[in-house]
Amino acid sequence: MIDTIIFDFGDIFINLDKEATISGLKKLGMTEWNSEFDRLNLLFETGDISHDDFLAGFQAQLPNASIEEILEAWNAVLADFPLYRLEFLQMLSKKYRLFLLSNTDSIHIATFENKSGISFYRDFYQCFEKVYFSFEIGIRKPNPEAYQYIINKHELSPKRTLFVDDKKENTDAAAALGLHVWNLQVGKEDVVDLFEKQIL
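Residues numbered from 1 in each chain as written. Predicted model: local features only at pLDDT ≥ 70, side-chain atom pairs only at ≥ 80, totals over all residues. Heavy atoms only, no water.

1. What to know about the overall build of the protein chain
Link 1 in the chain: Secondary structure assignment for the protein chain yields 10 helices and 4 strands.
Link 2 in the chain: Of the regular secondary structure in the protein chain, the N- to C-terminal order runs β-α-α-α-α-α-β-α-α-α-β-α-β-α.
Link 3 in the chain: Burial analysis of the protein chain (200 residues in total) assigns 47% to the buried set.
Link 4 in the chain: Accessible surface for the protein chain amounts to roughly 10,100 Å². Of this, 49% is attributable to carbon and sulfur atoms. (Helix = DSSP H or I, 4+ residues; strand = E, 2+ residues; numbered from the N terminus. Buried < 20%, exposed > 50% of the residue type's maximum accessible area, 1.4 Å probe, protein only. Areas by Shrake-Rupley, 256 points an atom, 1.4 Å probe, with all protein chains shown as cover.)

What follows is the structure in structure tokens.
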């Protein structure tokens, strides 16, 4: 029945990325993700600090590592994440037309693209008929009106659209419009189930 799937990765993406980042940067001295990393992310996302300032702030939390070492380890983490792998997107595209909502990780994506030469966005547009990033129109807190705008703008059929998120307020907003809803809880097992069992 479903021909369009809407993801809002939100906290799912952030939590997986935090977990992967901690694991990937342990050798550089990272032991936990703290509130300063969240603050730096927010400041960068809102344009209050530059990319260089973000990296400098990140390095301040890992004083024994150079920015080059941090970026090398970071890129290795991102390269192993399913959403950054073209083959994953190609497999996904055989089953769904994709309309992607994502508020997160433009910082990580920009860093990854600059250092690896791999275009995250290009791969999405290459693989799918419909791709949309919510930060393009500044949707930070989705609501029924925002989803209605998206559905109307892209001529989506609510009955043929699956909405995937982990926040109750977001899935409530989507369900109110008649979308099929998969309300994930934030947790690695649920996301693995999304990637490996249900989609692929």
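2. Some details on helix α5 (residues 86–93)
Link 1 in the chain: Here α5 has its buried residues at Phe88, Leu89 and Leu92. Along the axis of α5, the buried positions cluster into a sector of 95°, meaning they face one direction only. (Arc of directions from axis to C-beta.)

3. Here's the deal with unusual backbone geometry
Link 1 in the chain: Non-glycine residue Glu155 carries a positive phi angle of around 55°.
Link 2 in the chain: Its location among the elements puts Glu155 in the loop between α8 (144–153) and β3 (161–165).
Link 3 in the chain: When its relative accessible area of 73% is taken as the criterion, Glu155 is described as exposed.

4. Side note on the packing of helix α3 (residues 51–60) against helix α4 (residues 67–79)
Link 1 in the chain: Close contact between α3 and α4 brings their axes to 10 Å; oriented N to C, the two are set at 95°. If you check the angle between α3 and α4, you find them roughly perpendicular. Across the interface between the two elements, Phe54, Leu55, Ala56, Phe58 and Gln59 from α3 touch Ile67, Ile70, Leu71 and Trp74 from α4. (Axes fitted to C-alpha atoms, helices over the stretch in contact; angles between N-to-C directions. Parallel < 35°, antiparallel > 145°, perpendicular 65-115°, else oblique. Contact = heavy atoms within 4.5 Å.)

5. Digging into the confidence of the model for the protein chain
Link 1 in the chain: For the protein chain, the mean per-residue pLDDT works out to 76, and 73% of the residues sit at or above 70.
Link 2 in the chain: Per-residue pLDDT, averaged within each element of the protein chain, yields its smallest value for helix α10 (residues 188–199) (55) and its largest for α3 (87). (pLDDT = per-residue confidence, 0-100.)

6. Observations concerning the packing of aromatic side chains
Link 1 in the chain: Within this structure, the stated rule accounts for 5 aromatic pairs.
Link 2 in the chain: Centroid distance Phe37 to Phe58: 4.7 Å. Interplanar angle 40°. Geometry classified as tilted. A residue pair is termed long-range when its members are at least 10 positions apart, and Phe37 in helix α2 (residues 35–45) and Phe58 in helix α3 qualify at 21 residues.
Link 3 in the chain: An angle of 50° between the planes, with centres 5.9 Å apart, marks the rings of Phe54 and Phe58 as tilted. Taken together, the positions of Phe54 and Phe58, both in helix α3 and 4 residues apart, correspond to about one turn of that helix. Across the pair, Phe58 and Phe54 agree in class, each one buried.
Link 4 in the chain: One aromatic cluster is present, built from ring pairs that chain together Trp33, Phe37, Phe54, Phe58 and Trp74. (Phe/Tyr/Trp six-rings, centres within 6.5 Å; stacked < 30°, edge-to-face > 60°.)

7. Points about the pattern of salt bridges
Link 1 in the chain: Applying the stated rule across the entire model yields 3 salt bridges.
Link 2 in the chain: Between Arg39 and Glu36 there is a salt bridge whose closest N-O contact spans 2.8 Å. Taken as a pair, Arg39 and Glu36 lie in helix α2 at a separation of 3 residues, close to a single helical turn.
Link 3 in the chain: For Glu36, a relative accessible area of 23% corresponds to the partly exposed category.
Link 4 in the chain: With its nearest N and O atoms 2.8 Å apart, the salt bridge here joins Asp172 to Lys168. Remark: Lys168 and Asp172 occur in helix α9 (residues 168–175); sequence separation between them is 4 residues, near one turn of the helix.
Link 5 in the chain: By relative accessible area, which is 39% here, Asp172 ends up partly exposed. (Salt bridge = Lys/Arg side-chain N within 4 Å of Asp/Glu carboxyl O.)

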